[in-house]
Amino acid sequence: MNTLISVAESLSVIIPILLVVAFTTVAERKTMASMQRRLGPNTVGYYGLLQAFADALKLLLKECVSPTQSNLVLFFLGPIITLVFSLLGYAVIPFGPGLTVGDLPLGILYLLAVSSLSTYGSLRSTAQLISYELILSSAILLVVMFTGSLNLSISVEAQRVITFFVPLLPVFIIFFIGAIAETNRAPFDLAEAESELVSGFMTEHSAAIFVFFFLAEYASIVLICIFTCILFLSGYNSIFVF
Amino acid sequence: MSNFLLDFLSLGAILSGILVITSKNPVISVLFLISVFVNVAGYLVLLGIGFLGISYIIVYVGAIAILFLFVIMMLNIQLAELSAVGSEYTQSLPLGGIVGSLFVFELISILPFSFKGLSTFNLSSVSNTFSESSLGVINWFNTLLVSSIGSTNDVHQVFDAAHATDSNFTNYIQIESIGQSLYTYGSIWLLLTSIILLLAIVGPIALSMKTNNTDHLYTLYR
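Everything numeric in this text was worked out from a predicted model, so none of it was measured. (Residues numbered from 1 in each chain as written. Chains lettered and ligands numbered in written order. Predicted model: local features only at pLDDT ≥ 70, side-chain atom pairs only at ≥ 80, totals over all residues. Heavy atoms only, no water.)

Time to look at the overall build of chain B. Regarding its fold elements, chain B presents 11 helices and 0 strands. Each helix and strand of chain B, placed in order from N terminus to C terminus, yields the pattern α-α-α-α-α-α-α-α-α-α-α. Intrachain contacts of chain B at a sequence separation of at least 6 include 59% that bridge at least 24 residues. Put simply, chain B shows about 16,600 Å² of open surface, and 69% of that area lies on carbon and sulfur atoms. (Helix = DSSP H or I, 4+ residues; strand = E, 2+ residues; numbered from the N terminus. Contact = heavy atoms within 4.5 Å. Areas by Shrake-Rupley, 256 points an atom, 1.4 Å probe, with all protein chains shown as cover.)

This is the structure we're talking about:
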């Protein structure tokens, strides 16, 4: 019975996260399209909202091609590692007062460890990741000095006095830039190289394995955004900021 | 439940360690080394020192194994030269046997193999620390082999007076307690290790710096 409850807890976090990832891809495509004065995906659902599910279905039904000279174990292990450790980071995020899958007293250290482990999925983006991890850790250390604890729920509750966005605005900007570098978004997306190659280091993976890379990238983007919100914008209490 | 997980983690660490040295592809070796680190980190978390386990992952997996991968990437290893067969493979076994038996001898002389007759207030002994962890299959096998205990029911869980709630004054989380002792009682060791780290940062830069001019001192201050 206990295992059933644990599995239900984990699933009730993972499935909404995957739905968020799906709709984030559509939102990004519509936003980029409106920046370029065109419509984005607008055929599949109402205003193109179901485009992500059409993409997922197409990718799952494609043929699985792998290079002949590649080491098949490593070829399939890379995306799997990236996806697993991107999703493992959601275990310590508080969605409400006390609503976490695991309320670790060392939650921030756990997030840093999980992000260290997920660098093995793609070595090309690793050099950038390692260099910006130092900046991210320094910014996190400043917030930890404010709250006095590494627990993420305490970090949210400590912002009832003042949101850390107000005294630590320069640190927030530095953390934000470091977060963009950490997830390989523009202007740090040299590792993906979308203007030179088709999709950077993910080009030769096809079908289901590409879905893993795709999900892992957007899941880590959403995770870093949630982490920024928890540390600087008072997490689930942020309704008082606005 | 944590009994079985301890067994899986220790068996996984041993198996990964063996596969590090016996696999042909060096990248696969590094991946099994990462697996050793993760298994040992999980073992440390289950023992109760969560900070040490997570910092194992951050430092070992996140920094040292990446360093190994970069070195392997730049070394241009030809895989055909690496596979050793026949007498080349077995000629290093006697040396391995000698070093391994030395290590096993050291371990046997430190670890306690019988739990009878432990005093409850001997707070600084090794036997008290080991009696608090849950026994797994490997420990059960050990006790079967070298001691006179018949089954694990004979082993008592020692009640540690330091964890009793009526004499517990403050509740530090792990980092606070490490910081409290490291920055006061261990402050000299902290300063020494920081000097060693500074040396490690400055040293390679000074050793590998190329100077074109013959006038060495002038170029440093230009």
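The rest of the description comes next.
Further remarks concern the domain arrangement of chain A. Residues and elements named next belong to chain A. As assigned here, chain A comprises domain 1 (1–61) and domain 2 (66–237). On the domain 2 side, the residues contacting the 12 residues of domain 1 number 14 residues. Taken together, the two surfaces of domain 1 and domain 2 that pack against each other cover about 1,300 Å², and 82% of this comes from carbon and sulfur. Ranking the residues of domain 1 by area buried against domain 2 places I17, V21 and L59 at the top, with a combined share of 38%. At the boundary of domain 1 with domain 2, the tally comes to 0 salt bridges. Partitioning the side of domain 1 that touches domain 2 into residue classes produces 8 nonpolar, 2 polar and 2 charged. (Domains from an automatic or database assignment. Buried area = accessible area lost by both parts, 1.4 Å probe. Salt bridge = Lys/Arg side-chain N within 4 Å of Asp/Glu carboxyl O. Nonpolar A, V, L, I, M, F, W, Y, C, P; charged D, E, K, R; others polar.)

Once that is clear, we can look at the interface of chain A and chain B. By a widely used convention, the size of an interface equals the accessible area lost when the partners come together. Each partner contributes to the interface: chain A provides 18 residues, whereas chain B provides 21 residues. At the boundary of chain A with chain B, total buried surface from both sides reaches about 1,600 Å², with 85% on carbon and sulfur atoms. Counting every contact that joins chain A to chain B gives 0 salt bridges. Our count for the chain A to chain B interface comes out at 0 residue pairs in polar contact (both at pLDDT 80 or more). Every element with two or more residues in the side of chain A that touches chain B is listed here: α3 (72–88), α4 (107–117) and α5 (126–147) of chain A. In terms of residues, the side of chain A that touches chain B owes the most to one element, α4(A), which gives 6 residues. Looking at the side of chain A that touches chain B, its residues break down into 13 nonpolar, 5 polar and no charged. (Polar contact = N/O pair within 3.5 Å; in protein donor to acceptor, adjacent residues only side chain to side chain.)

Right, let's talk about the environment of B:I58 for a bit. Of note, B:I58 is situated in helix α3 (residues 50–75). The residues touching B:I58, leaving out its near neighbours within four places in the chain, are A:L109, A:L112, A:A113, A:S116 and B:A63.

A few words on the packing of aromatic side chains. All names here are of chain A. Here the structure, examined in full by the defined rule, presents 12 aromatic pairs over all chains. Geometrically, the ring pair formed by F175 and F232 is tilted, given 5.5 Å between the ring centres and 50° between the ring planes. Here F175 is found in helix α7 (residues 169–182), whereas its partner F232 is found in helix α8 (residues 207–232), with 57 residues between them in sequence. Comparing F175 with F232, the two get one shared label, buried. Taken together, a centroid distance of 5.3 Å and an interplanar angle of 65° make the contact between F214 and Y218 edge-to-face. (Phe/Tyr/Trp six-rings, centres within 6.5 Å; stacked < 30°, edge-to-face > 60°. Buried < 20%, exposed > 50% of the residue type's maximum accessible area, 1.4 Å probe, protein only.)

A word on unusual backbone geometry. With the exception of glycine, most residues fall at negative phi, and the peptide bonds are largely trans. All names here are of chain A. Even without glycine at this site, Y47 takes up a positive phi of about 55°. Considering the arrangement of structural elements, one finds Y47 in the loop between α1 (2–35) and α2 (51–60). Although it is not a glycine, S234 adopts a positive phi angle of roughly 55°. A residue is classified by how much of its surface remains accessible, and S234, at 2% relative accessible area, is buried.

For helix α6 (residues 93–110) of chain B, spanning 18 residues, the distance from its first C-alpha to its last is 26 Å, which sits close to the expected 26 Å at 1.5 Å a residue. Sparse coverage of α6(B) is indicated by the burial of 0 of its 18 residues. (Expected span 1.5 Å × (residues − 1).)

Quick look at the UniProt feature "transmembrane region" (unreviewed entry) in chain B now. Residue and element names in this part refer to chain B. Under the UniProt annotation, the feature "transmembrane region" (unreviewed entry) is placed at residues 6–23, 30–51, 57–80, 92–115 and 188–207. Measuring from the first to the last C-alpha atom of residues 6–23 gives 25 Å, for a span that is 94% helix and 0% strand. Between the end C-alpha atoms of residues 30–51 the distance is 24 Å, and the span holds 91% helix and 0% strand. (UniProt positions renumbered as here; feature names shortened; annotations may be inferred.)

The next thing to look at is the nonpolar core. All names here are of chain A. Formed by 55 residues in total, the largest nonpolar core has its most connected members in Y90, I108, I140, F175, F227, L231 and F232. Looking at this core element by element, the count peaks at 10 residues for α8. When residues of this core are sorted by domain, at least three fall in each of domain 1 (1–61) and domain 2 (66–237). Setting aside residues no more than four positions away along its own chain, F232 makes contact with V143, Q159, T163, F164, F165, L168, V171, F172 and F175. (Core = buried A, V, L, I, M, F, W, Y, C linked by side-chain atoms within 4.5 Å.)

This next bit is on the pattern of salt bridges. Residue and element names in this part refer to chain A. Throughout the structure, instances matching the rule amount to 2 salt bridges over all chains. Where D55 meets R29, a salt bridge forms, and the shortest distance between an N and an O atom there is 2.9 Å. You can see D55 sitting in helix α2 and its partner R29 sitting in helix α1, a full 26 residues away along the chain. Overall, D55 belongs to the partly exposed group, its relative accessible area being 22%.

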